[in-house]
Amino acid sequence: MKIVSPLIAAALLLVANGANAGARDALDAFSKGLKGLDGQFSQQVFDVRGKQKESSSGRVALSAPNQLRWEYIKPYAQLVVADGNTVWVYEPDLNQATKRAQGVEEANSPLALLLTPARLVHDFMVKESPVQAGVEWLDITPRNADAGFKSARLGFAQGQLVHMEYTDALGQRTTIAFTSWKRNPVFAKGTFTYVPAKGVDVIGG
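What you see is a predicted model, and the numbers here were worked out from it, not measured in a lab.

Caption draft 1: A look at the sheet that holds strand 1 (residues 36-46). Read from one edge to the other, the open sheet built from 12 strands follows the order 7-8-9-10-11-1-2-3-4-5-6-12, with strand pairing classed as mixed. Of all strands in the sheet, those with a lone pairing partner are strand 7 (124-132) and strand 12 (201-204), marking the two edges. With direction set aside, neighbouring strand axes in the sheet form an average angle of 20°. Relative to strand 10 (residues 160-168), strand 9 (residues 149-157) is paired through eight bridges, and the arrangement is antiparallel. Counted as the bridge partner of Ser151 is Thr167 from strand 10. Sheet contacts for helix 2 (residues 23-31): strand 1, strand 7, strand 8 (135-142), strand 9, strand 10 and strand 11 (173-183); angle to strand 8, the most-contacted strand, approximately 85°.

Caption draft 2: Region of the structure containing the confidence of the model for the protein. For the protein, per-residue confidence averages 82 on the pLDDT scale, and residues scoring 70 or more make up 80% of the total. Here residues 15-20 is a poorly scored stretch, pLDDT under 50, and it has 28 contacts once near neighbours within four places are set aside; other chains count. Contacts for the low-pLDDT stretch residues 110-115, under 50 throughout, to residues beyond four places or in other chains number 20 contacts.

Rules used throughout
Residues numbered from 1 in each chain as written. Predicted model: local features only at pLDDT ≥ 70, side-chain atom pairs only at ≥ 80, totals over all residues. Heavy atoms only, no water. Pairing = 2+ DSSP bridges. Helix = DSSP H or I, 4+ residues; strand = E, 2+ residues; numbered from the N terminus. Axes fitted to C-alpha atoms, helices over the stretch in contact; angles between N-to-C directions. Contact = heavy atoms within 4.5 Å. pLDDT = per-residue confidence, 0-100.

Okay, here's the thing in structure tokens:
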């Protein structure tokens, strides 16, 4: 199963100053006082020709300042955990986990700036797009060519982030729909930690 970077996806959940009313107001309301998020997602991935190549769904959780849990449930289980120091990717079908340092890439992403949105203006150019089917859209272009994606769109409806789209450096497009957001929840112990079970093959370090 090819991993679609959840760090990039989650990093795009909130962006910066740069647009006017409408979607920008929705963004401000959504981000105000935000310390953590827990919700569900469904995701589709399309190749450069627009052909759908993957479809999946699961749960996403974020906690300040730099913790993430991105859990694929269907069609195949896969878990990505960033605990603030280490990024783990666990694939149950392979009984394998990969491990790497949570470093500069994550520190410079919008995800790390979740609670300081004023800083994000330095990382993105943001403008509003026309409302479509009741969804207010923000178009996002990274100022840094090394951001890991070419462009993105965030869609808000009734004060909630409901859609996200982004195109990676190779032209592959990912669309994500979010539902059932819980703001500032009390996360269960271990939500943002991963400890390999006995017998799991660990790669990296």
